[in-house]
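Chain residues, written in single-letter form:
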Amino acid sequence: VRARVTCINGLSAHAGQDELIDWLSKLKWTPSEIFIVHGEKAGAQGLQQKIKQVYGWNAGIPVMNQEVCISGEFKMI
């Protein structure tokens, strides 16, 4: 077998900011709050700002052991 081993240190199967912003546009309701719970702090903060800029929606970055109460009410767009 002829093979070459290569290490790729920056590969991710997750959607990027542009893909996530586009995905949010397909929601049929306005979320009262969005929680960004994945990614590095700087990336999460960038996504938080972009969501506010594009949609005017609240987006929070929870901290360890933070508790929130989520209601079951939805506002249609």
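That block above? That's the structure.
Student: I'm lost on the pattern of salt bridges in this one. Help?
Tutor: Two side chains carrying opposite charge are able to pair once their charged atoms lie near each other. Per the stated rule, a full pass over the model turns up 1 salt bridge. Residues K26 and D22 are paired through a salt bridge, measuring 3.2 Å at the closest nitrogen-oxygen approach. Judged by its relative accessible area of 42%, D22 is partly exposed.

Student: I'm lost on the nonpolar core in this one. Help?
Tutor: When a protein is soluble and globular, its nonpolar side chains tend to lie buried together. The biggest cluster of nonpolar side chains holds 10 residues, and these are I21, L24, L27, I34, I36, A44, L47, I51, W57 and A59. When residues of this core are traced back to their parent elements, those giving at least two are α1 (17–24) and α2 (41–55).

Student: How should I be thinking about a nonpolar patch on the surface in this particular structure?
Tutor: Taken together, F35, V37, V68 and I70 make up a surface patch of nonpolar side chains, about 400 Å² in accessible area. Mapped onto the elements of the fold, I70 is located in the loop between β3 (59–60) and β4 (75–76).

Student: Honestly, the packing of aromatic side chains in this entry has me stumped. Any pointers?
Tutor: When we look at a pair of aromatic rings, we describe it by the centre distance and by the angle of the planes. Evaluation of the coordinates by the stated rule reveals 1 aromatic pair. Taken together, a centroid distance of 4.5 Å and an interplanar angle of 20° make the contact between Y55 and W57 stacked. A relative accessible area of 24% means that Y55 is categorised as partly exposed. Taking relative accessible area as the criterion, W57 reaches 9% and is therefore assigned buried.

How each quantity is defined
- Residues numbered from 1 in each chain as written.
- Predicted model: local features only at pLDDT ≥ 70, side-chain atom pairs only at ≥ 80, totals over all residues.
- Heavy atoms only, no water.
- Salt bridge = Lys/Arg side-chain N within 4 Å of Asp/Glu carboxyl O.
- Buried < 20%, exposed > 50% of the residue type's maximum accessible area, 1.4 Å probe, protein only.
- Core = buried A, V, L, I, M, F, W, Y, C linked by side-chain atoms within 4.5 Å.
- Helix = DSSP H or I, 4+ residues; strand = E, 2+ residues; numbered from the N terminus.
- Patch = residues over 30% accessible without salt bridge, like charges linked within 9 Å, V, L, I, M, F, W, Y side chains within 5 Å.
- Areas by Shrake-Rupley, 256 points an atom, 1.4 Å probe, with all protein chains shown as cover.
- Phe/Tyr/Trp six-rings, centres within 6.5 Å; stacked < 30°, edge-to-face > 60°.

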